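Each chain, letter by letter, is given below.
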Amino acid sequence: MTTDLPTESDPDDSVGRVYLVGSGPGDPDLMTVKARRLVESADVILHDKLPGPKILDQLPAEACEDVGKRAGGDRTTQAYTNQRMVELARAGKTVVRLKGGDPFVFGRGGEEATYLASHSVPFEVVPGVSSAVAGPGVAGVPLTHRDHASSVSFVTGHEDPTKDDSAVNWEALAATDGTIVVLMGVGKLPEYTDALLEAGMDPDTPIALVERATWPTQRIACGTLETAVDVRDQDGIEPPAITVIGTVAGTRQQVREFLRNDSTDRQSSGDDR
């Protein structure tokens, strides 16, 4: 077990480099050219589970260390991951910290960047395609649309909407005409849909649930703000999934017949509601 490492004030030229890399939503074809080049040349790849099976299966096994966090299961602590990045870099290694989506969109990349900087470890951020954008896209749901939405809000679904010090203002979101994208929000779907309804959002507002966007097991289910929980339960939508709330979600019905994705698009029964 590693221990916390002392902070250094000046960079050390002998220290390796850490790359905070976003792998995209899960389809290997949606990885950036730079991300692919880095994982092929890295000494060590510290990855979580969210890059998805197709990407993880293509990584060089001898370079990989799993530092994933799984809801309700085994976890690698963030403290360990932070320390491990510094430890490897100080050993002169080129380290890829591989994350699903984009490292700076609910990926704790900001925390890791701050930790690396505080220990004088040089690093680079390599953006990835966030599931917050890719999920609606592969479902045929535009985040913005001249006839429907001129703004979009990305929020976490992990927070309890009823707690007094919630960082998410659901009342303000309910009043907007823009699109709301909730990440990591399948479990607390009843809480935040109720919060939006209580704040006055139209119960008939369309919603789309996109599970494992671009993965082979991708599924899409649609309904309304009022029926969202029933749709989730009926179709067994599970994490990782995003929730798209707004009139843009209703436009999917106009394009779904002609929408073709390389990934498997398993339509759920809720899709026709």
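For the structure, see preceding data.
What counts, and where the lines are drawn
Along each chain, residue indices are assigned from 1 in the same order as the chain's sequence is written. In view of the model being predicted, local features appear only for residues whose pLDDT reaches at least 70, and side-chain atom pairs are presented and counted only at 80 or more, with totals across whole chains, interfaces and linings using the full set of residues. Excluding hydrogens and water, the side-chain figures rest on all heavy atoms present in the structure. Working definition: helices are DSSP H or I runs of at least four residues, strands are E runs of at least two. Numbering for both runs from the N terminus. For two strands to pair, DSSP has to find at least two bridges joining them. Axes here mean lines fitted to C-alpha atoms, for a helix over just the part in contact, with angles spanning 0 to 180 degrees between N-to-C directions. The contact criterion used is simple: two residues touch if any of their non-hydrogen atoms lie within 4.5 Å. Burial here depends on accessible area, computed with a 1.4 Å probe over protein chains only, as a share of the maximum for the residue type. Under 20% is buried, over 50% is exposed, and the range in between is partly exposed. Each polar contact in these results corresponds to two N or O atoms within 3.5 Å; when the atoms are within protein, one needs to be able to donate a hydrogen and the other to accept it, and residues that are neighboring in sequence are counted only if both atoms are side-chain atoms. Stacked, tilted and edge-to-face are the three classes assigned to paired rings of Phe, Tyr and Trp, where Trp is represented by its six-membered ring and a pair needs centres within 6.5 Å; plane angles under 30 degrees give stacked, over 60 edge-to-face, the rest tilted.

**Q** Just checking my understanding: could you explain unusual backbone geometry for this structure?
**A** Glycine aside, residues mostly have negative phi, and peptide bonds are mostly found in the trans state. Cis rather than trans, the peptide bond between Pro239 and Pro240 has omega equal to -5 degrees. For Pro240, the position within the fold is in the loop between helix 8 (228-235) and strand 10 (241-245). One non-glycine residue, Arg108, lies in the positive phi region at around 65 degrees. As for its placement among the helices and strands, Arg108 is situated in the loop between strand 4 (94-99) and helix 4 (109-118). In this structure, Arg212 takes a positive phi of about 50 degrees despite not being glycine. You can see Arg212 is positioned in the loop between strand 8 (206-211) and strand 9 (219-224).

**Q** What am I meant to see in the sheet that holds strand 2 (residues 44-47) here?
**A** Where strands meet in a sheet, backbone hydrogen bonds hold them as pairs that are either parallel or antiparallel. As summarised here, the arrangement of the five strands in space is 3-2-4-1-5, forming an open sheet in which the pairing is parallel. Because the sheet does not close on itself, it has two edges, and the strands there are strand 3 (64-66) and strand 5 (123-126). Averaged over all neighbouring strand pairs, the angle between strand axes comes to 20 degrees, with direction disregarded. As paired strands, strand 2 and strand 4 are joined by four bridges and run parallel to one another. Counted as the bridge partner of Ile45 is Val96 from strand 4. Its contacts with the sheet place helix 4 against strand 1 (17-22), strand 4 and strand 5, and it is angled at close to 175 degrees to strand 1.

**Q** Sorry if this is basic, but what is going on with the side chain of Gln78 here?
**A** Examined against the element boundaries, Gln78 turns out to sit in helix 3 (residues 78-90). Look at Gln78 and you get buried, because its relative accessible area is 9%. Within polar-contact distance, the side chain of Gln78 engages the side chain of Glu112 at 2.8 Å.

**Q** What is the right way to look at the pairing of strand 9 in this model?
**A** Successive side chains on a regular strand alternate, one facing one side of the sheet and the next facing the other. Taking burial as the measure, the six residues of strand 9 include six buried ones, the bulk of the element. The alternating pattern of strand 9 places Arg219, Ala221 and Gly223 on one face and Ile220, Cys222 and Thr224 on the opposite face, and all of these are buried. Sheet topology note: the strand 8/strand 9 ladder contains six bridges and is antiparallel. The residue bridging Ile207 from the neighbouring strand is Gly223, located in strand 9.

**Q** So what exactly am I meant to see when it comes to the packing of aromatic side chains here?
**A** For any pair of aromatic rings, geometry is given as the distance between the ring centres together with the angle between the planes. In this structure the tally under the stated criterion is one aromatic pair. Here the aromatic rings of Trp170 and Tyr192 are separated by 5.3 Å at their centres, their planes lie at 5 degrees, and the arrangement is stacked. Residue Trp170 is found in helix 6 (residues 170-175), and its partner Tyr192 is found in helix 7 (residues 189-198); the two are separated by 22 residues along the sequence.

**Q** Sorry, what's going on with the environment of Ser131 here?
**A** Relative to the elements of secondary structure, Ser131 occurs in helix 5 (residues 131-138). Separated by 109 residues in the primary sequence, Ser131 and Pro240 place their C-alpha atoms 9.7 Å from one another. Once residues lying within four places of it in the same chain are set aside, the contact partners of Ser131 are Pro25, Gly101, Pro136, Leu183 and Ile242.

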